[in-house]
Number of protein chains: 2
Amino acid sequence: MTEFIPPGTRFVDLPSPFAMRRGEALIGARLAFETWGELNAERSNAVLILPGLSPNAHAARNAGNPEAGWWEDMVGPDKPIDTRRWFVICVNPLGSCKGSTGAGSIDPRSGEPYRLGFPDLSIEDGAEAAAHLLKSLGIERLDTLIGNSMGGMSALALLLQHPHIARRHINISGSARSLPFSIAIRSLQREAIRLDQHWNEGRYTDQNYPENGMRMARKLGVVTYRSAMEWDGRFGRVKFDAECREDDPFGPEFEVERYLEGHARRFVRLFDPNSYLFLSRSMDWFDAADYAPAEARGEGSDEDSRVLAALATVRLEQALSIGVHTDILFPLQQQQQIADGLRAGGADSRFLPLPSPQGHDAFLVDIARFGPAVHDFLSA
Amino acid sequence: MTEFIPPGTRFVDLPSPFAMRRGEALIGARLAFETWGELNAERSNAVLILPGLSPNAHAARNAGNPEAGWWEDMVGPDKPIDTRRWFVICVNPLGSCKGSTGAGSIDPRSGEPYRLGFPDLSIEDGAEAAAHLLKSLGIERLDTLIGNSMGGMSALALLLQHPHIARRHINISGSARSLPFSIAIRSLQREAIRLDQHWNEGRYTDQNYPENGMRMARKLGVVTYRSAMEWDGRFGRVKFDAECREDDPFGPEFEVERYLEGHARRFVRLFDPNSYLFLSRSMDWFDAADYAPAEARGEGSDEDSRVLAALATVRLEQALSIGVHTDILFPLQQQQQIADGLRAGGADSRFLPLPSPQGHDAFLVDIARFGPAVHDFLSA
């Protein structure tokens, strides 16, 4: 498969073998990352960003790549994550296809891509890979760990496995455990890919790529990443110009359908379908309750109390958990739970619900609300 | 295609030709229905039920069919819709595949199934067919018109075209116009069917049936018909017995996935895929604002005010619009809008939001809440 690595991406070699949580190990694996700003002499000004499922490490323009990044308005000089003050690191998640080792990478044992032979990927594996990157950069403790969406899970996994690794934490539209609605959506996305005959049990090629499955998966993602409220105002019932429509009785007719189509076109063939499957399933599996101390696992303890007990093992000074009222994928009570759990661990922990209309993906676009929240926390 | 007509279904011939709103006409078309109870001498005790997209006319057991129906706990002697008092009629929507003429029916001009040659179906066509049924039964005015989900749209279409056709109206989880989130979901459902190679531009057979597309469409439907809140309590993160799992690395693993799978299996091959496409698209197209009087269409009039002005042309005595807090497909403000619009027409109109956890489909299962609401309205 074609790789999708932005210019200027840097790499760190992971220990080899790199043991995976659910068994097996990666040989000669690497993690892709980019940085902004300068690490100070005390190595105390590092901010690590763990992104969602699909982004690469290029959060914003930098010396290695002048193109705008996926969080361009958030990261940079005088921006909310001010790269004149902070040494900012962003990774491409382990298991992805944008530079880090994933299902599309060559398995050195066979000389062929891993495809479905990639080891079962868990959120924790990505967190361990990020921990190794910090070590290789000589960073013992982050000033702030930031995680968005899937990256919010990865951040919690990192904190649960390394309770002292960050002084502060911002969890954005995150979740301490996947709940059945989001599992159902991701299950359908994976099914759409797997049902595409071109997927061929993971043995697709550039010429025989599961384009329809990936289109469905992406559209279903976008439907759940945004919100009905946003779309009511943005699209209403507007139809697009009849002349632009294909001659197809059930083809797209409303603007919202064209919008989904556009998102799908910009995604397919730029993401490796097998990597998508592995990353998607890793989110289903993640459950902070797995880290509850023994005394919180007794009979009669409920799931939520185990999640809280697990989060209470993390040793942060300050935490901020931001959520959005219109998020149907990771609903607000999940960010509340994160804030409550981290507070129980002794952190000065705040829950910030924002009225953004853009749903789960608001942090990517509603910089007017997310920018000040992140800026104020970092400046405190 | 196999037809799916319950025993005991009755039929009324529609006028032939039966002109369709968007052009063309059906020849020799019929509407399937069932009845319960007796029409009184004054012909004043009729209650018509217009169902959602998928049900047949068999709402409950009756003389013609002793099997339980899809609204068994709601319709019957001493039940909320008390068939000892009311003469209850339920139709299978025009365009469906459970007895009424639809895309799977034989086109008498060709002797072959219509398939994609079926005329463009609109919600209004189904309403006109229901109006004809009432006429043929000698019913000039219904005591109460009840519409659920898509049937709520059909009921509004019937009232907008025949403002005096009912004395009272119960609209359940309905909508006066499709909004972009629900359009997007239905568009994805249709796309899943159309992408299935077995769909074959509508020329599938029983042997080559678009099973995967229909499975995806149904699962996506179920995800949006129910609610995350219900599933959190019902499934949580429970996995089903590993021994029951197929040997498939990305196959179902969580109970919620098995639940979706079960729903899909009970649906595919029992619904005609082309009928599904036509009915689904008719919902996207429905917009009560099309019926706004000229004076409400002036420049500067917004969409919502046109919807309200249209609904205000309906002449009901009483109306009840019921919605559910957890409905993501037809959100609560849409039922509020229906109640407001009908009130503007002079009806004693009430909006009843219910705290059912089951989302859009709550009316099918939360009889504890819906039963008394419907009973009390009918008894008033």
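Because the structure is a prediction, the values reported are computed rather than measured. (Residues numbered from 1 in each chain as written. Chains lettered and ligands numbered in written order. Predicted model: local features only at pLDDT ≥ 70, side-chain atom pairs only at ≥ 80, totals over all residues.)

1. Some points on the overall build of chain A
Link 1 in the chain: On a plain count of helices and strands, chain A comes out with eleven helices and 14 strands.
Link 2 in the chain: Computed over C-alpha atoms, the radius of gyration of chain A comes to 20 Å, within 12% of the 21 Å expected from 2.2 N^0.38 for 380 residues, which places it in the range of a compact globule.
Link 3 in the chain: Based on the C-alpha atoms only, the size of chain A along its principal axes is roughly 60 × 55 × 50 Å.
Link 4 in the chain: Counting over 380 residues, chain A shows a buried share of 56%.
Link 5 in the chain: Taking contacts inside chain A between residues at least 6 apart in sequence as the whole, the part at least 24 apart equals 70%. (Helix = DSSP H or I, 4+ residues; strand = E, 2+ residues; numbered from the N terminus. Rg over C-alpha atoms; globule rule 2.2 N^0.38 Å. Buried ≥ 20, exposed ≤ 12 C-beta atoms within 10 Å, placed from the backbone. Contact = placed C-beta atoms within 7 Å.)

2. Quick word on the packing of helix α3 (residues 180-195) of chain B against helix α7 (residues 273-285) of chain B
For any two helices packed against each other, the geometry is given by the interaxial angle and the distance between the axes.
Residues and elements named next belong to chain B.
Link 1 in the chain: Between α3 and α7, whose axes approach to 10 Å, the crossing angle comes to 160°. Here α7 runs roughly antiparallel to α3, going by the angle between their axes. Of the two possible hands of crossing, α3 and α7 adopt the one that is left-handed. Within the contact between the two elements, α3 uses Ile 183, Arg 186, Gln 189, Arg 190 and Ile 193 and α7 uses Pro 273, Tyr 276, Leu 277, Ser 280, Arg 281, Met 283 and Asp 284.
Link 2 in the chain: Of the residues belonging to the contact of α3 with α7, the class tally is six nonpolar, two polar and four charged. (Axes fitted to C-alpha atoms, helices over the stretch in contact; angles between N-to-C directions. Parallel < 35°, antiparallel > 145°, perpendicular 65-115°, else oblique. Left-handed = near helix turned anticlockwise from the far one by under 90°. Nonpolar A, V, L, I, M, F, W, Y, C, P; charged D, E, K, R; others polar.)

3. Some words on the sheet that holds strand β4 (residues 30-36) of chain B
Residue and element names in this part refer to chain B.
Link 1 in the chain: Taken in spatial order, the eight strands of this open sheet run β1-β4-β8-β5-β11-β12-β13-β14, and their pairing is mixed. What marks the edges here is a single partner per strand, and that holds for β1 (10-13) and β14 (348-354). The average angle at which neighbouring strand axes cross in this sheet is 20°, direction not considered.
Link 2 in the chain: Both strand β5 (residues 46-50) and strand β11 (residues 142-148) contribute to a ladder of four bridges, which runs parallel. Bridging from a neighbouring strand, Leu 50 pairs with Gly 147 of β11.
Link 3 in the chain: Lying on the sheet, helix α11 (residues 367-379) is in contact with β11, β12 (166-172), β13 (318-324) and β14; it crosses β13 at an angle near 175°. (Pairing = 2+ DSSP bridges.)

4. A short note on the relation of the copies chain A and chain B
Link 1 in the chain: For the pair chain A and chain B, the best superposition has an RMSD of 0.0 Å and corresponds to a rotation of 180° with a translation of 0.0 Å parallel to the axis. Both chain copies can therefore be described as sitting about a two-fold axis.
Link 2 in the chain: A shared binding surface is used by both copies, with 100% of the interface residues of chain A retained as interface residues in chain B. (Least-squares fit on C-alpha atoms with pLDDT ≥ 70 in both.)

5. Things to note about the interface of chain A and chain B
Frequently, the measure chosen for interface size is the accessible area removed from exposure when the parts meet.
Link 1 in the chain: Residue-level contacts link 40 residues of chain A with 41 residues of chain B.
Link 2 in the chain: Grouping the amino acids of the side of chain A that touches chain B by side-chain chemistry returns 25 nonpolar, three polar and twelve charged.

6. Focus on the domain arrangement of chain A
All names here are of chain A.
Link 1 in the chain: Each assigned domain of chain A is listed here: domain 1 (10-179 + 287-379) and domain 2 (183-282).
Link 2 in the chain: Placing the centre of domain 1 and that of domain 2 at their C-alpha centroids yields a distance of 26 Å.
Link 3 in the chain: Opposite the 25 residues of domain 1 that make contact, domain 2 presents 19 residues. (Domains from an automatic or database assignment.)

7. Observations concerning the environment of Asp 125 of chain A
Residue and element names in this part refer to chain A.
Link 1 in the chain: Residue position: Asp 125 is located in helix α1 (residues 123-136).
Link 2 in the chain: Considering only alpha carbons, one finds Asp 125 and Arg 22, 103 residues apart in sequence, at a separation of 9.0 Å.
Link 3 in the chain: Among residues more than four places away in sequence, those in contact with Asp 125 are Met 20, Arg 21 and Leu 94.

8. Some points on helix α9 (residues 332-344) of chain B
Residues and elements named next belong to chain B.
Link 1 in the chain: Here α9 contains 13 residues, and its C-alpha end-to-end distance of 19 Å stays within 8% of the 18 Å for a straight helix at 1.5 Å per residue.
Link 2 in the chain: Taken as a whole, α9 has its buried residues at Gln 334, Gln 335, Gln 337, Ile 338, Ala 339, Gly 341 and Leu 342.
Link 3 in the chain: Its buried side turned inward, α9 meets β12, α8 (303-311), β13 and β14. (Expected span 1.5 Å × (residues − 1).)

9. Looking at the sheet that holds strand β1 (residues 10-13) of chain A
Residues and elements named next belong to chain A.
Link 1 in the chain: Taken in spatial order, the eight strands line up as β1-β4-β8-β5-β11-β12-β13-β14 in an open sheet, and their pairing is mixed. Only two strands of the sheet have a single partner each, and these edge strands are β1 and β14 (348-354). Geometrically, the sheet is characterised by an average inter-axis angle of 20° between neighbouring strands, direction not taken into account.
Link 2 in the chain: Pairing geometry for strand β11 (residues 142-148) and strand β12 (residues 166-172), over six bridges, is parallel. Directly across from Gly 147, in β12, lies its bridge partner Asn 171.
Link 3 in the chain: Sheet strands touched by helix α11 (residues 367-379): β11, β12, β13 (318-324) and β14. Its angle to β13, the strand with the most contacts, is close to 175°.

10. What to know about the packing of helix α1 (residues 123-136) of chain B against helix α2 (residues 150-161) of chain B
Residue and element names in this part refer to chain B.
Link 1 in the chain: At a minimum axis distance of 8 Å, the contact between α1 and α2 shows a crossing angle of 70°. In terms of orientation, α1 and α2 fall into the roughly perpendicular class. Classified by chirality, the crossing of α2 by α1 is right-handed. Together, Ile 123, Glu 124, Gly 126, Ala 127, Glu 128, Ala 130 and Ala 131 of α1 and Met 153, Ser 154, Ala 157, Leu 158 and Gln 161 of α2 make up the contact between the two elements.

11. Quick notes on the environment of Ile 146 of chain A
All names here are of chain A.
Link 1 in the chain: If you trace the backbone, Ile 146 turns up in strand β11.
Link 2 in the chain: On the neighbour-count criterion, Ile 146 (31 C-beta atoms within 10 Å) is buried.
Link 3 in the chain: Along the chain, Ile 146 and Arg 168 lie 22 residues apart, while their C-alpha atoms are 8.7 Å from each other.

12. A closer look at unusual backbone geometry
Residues and elements named next belong to chain A.
Link 1 in the chain: Looking along the chain, the bond that leaves Ser 16 and enters Pro 17 is cis, with omega of 0°.
Link 2 in the chain: With respect to the helices, strands and loops of the structure, Pro 17 is situated in the loop between β1 and β2 (18-19).
Link 3 in the chain: For Glu 24, which is not glycine, the phi dihedral falls at a positive 65°.
Link 4 in the chain: Looking at the element boundaries, Glu 24 is found in the loop between β2 and β3 (25-26).
Link 5 in the chain: Look at Glu 24 and you get partly exposed, because 13 C-beta atoms sit within 10 Å.
Link 6 in the chain: One non-glycine residue with positive phi stands out, namely Ser 149, at about 55°.
Link 7 in the chain: Ser 149 gets classed as buried once you count the C-beta atoms within 10 Å, which come to 27.

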